[in-house]
Amino acid sequence: DAEGDFIEALIDANMPDLAAPVITAAKKKFVYLGPRLEVLEQQGALRLGKFDQVQKIIDGKKKGSPEYWALSLAMADAYYARRNADPKNLAKCEELYGAFFKAVPKPTAALQNFYEQASYIWIQMLLQQKRMGEAAKVYEGLLKIKTMDIPGFKVTEIPITYYKNTPLERAV
């Protein structure tokens, strides 16, 4: 939706104060965008350093709900963005992402897109920290849960060292 994308662009451009009235108007006009607008609103608060305010909102959500995780990972992203200002922020970010992936080892259909997006973000964070092995494990886990519903294609794991010089048909 264009309205949400516009709000997100304002927040990404470090203009959460300009995004606030747009969010207020959008909540009235586009009721179906409620959860996304709430996350965007709290991302704006996080940009302004209002971590305690956002934590209170997270605490009011049902633990494990999509809204809870969306807000928690928005907070994790904000901690990561401020990791240089305070070394504890990186640990807080890792704690939140770790809790998400522990609580949701395999996403439901409702969380599939969110899970994939969170995985890719977490992989990028790990790569920026030169933690290649951990990033590879997250990516490998992501590949295991992704489904491939394309007729004629089969998804399987083949240990490459065992099947070296073996025809593909025989390896599968």
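Residues numbered from 1 in each chain as written. Predicted model: local features only at pLDDT ≥ 70, side-chain atom pairs only at ≥ 80, totals over all residues. Heavy atoms only, no water.

Describing the packing of aromatic side chains
- On inspection of all chains with the given rule, the structure shows 10 aromatic pairs.
- Aromatic pair Phe 30 and Tyr 32: ring centres 6.1 Å apart, planes at 85°, arrangement edge-to-face.
- Look at Phe 30 and you get buried, because its relative accessible area is 19%.
- Residues Phe 100 and Phe 114 carry aromatic rings whose centres are separated by 5.6 Å and whose planes lie at 90° to one another, so their mutual orientation is edge-to-face. Within this pair, whereas Phe 100 is found in helix H6 (residues 88-103), its partner Phe 114 is found in helix H7 (residues 112-128), the two being separated by 14 residues in sequence.
- Judged by relative accessible area, which is 22%, Phe 114 ranks as partly exposed.
- Taken together, Tyr 68, Trp 69, Tyr 97, Phe 100, Phe 101, Phe 114, Tyr 115 and Trp 122 form an aromatic cluster joined through their ring pairs. (Phe/Tyr/Trp six-rings, centres within 6.5 Å; stacked < 30°, edge-to-face > 60°. Buried < 20%, exposed > 50% of the residue type's maximum accessible area, 1.4 Å probe, protein only. Helix = DSSP H or I, 4+ residues; strand = E, 2+ residues; numbered from the N terminus.)

Considering unusual backbone geometry
- For Asn 14, which is not a glycine, the phi torsion comes out positive at approximately 60°.
- Of the residues examined, Asn 14 reaches a relative accessible area of 54% and is grouped as exposed.
- One non-glycine residue, Lys 130, adopts positive backbone phi at about 65°.
- Secondary-structure assignment places Lys 130 in the loop between H7 and helix H8 (132-145).

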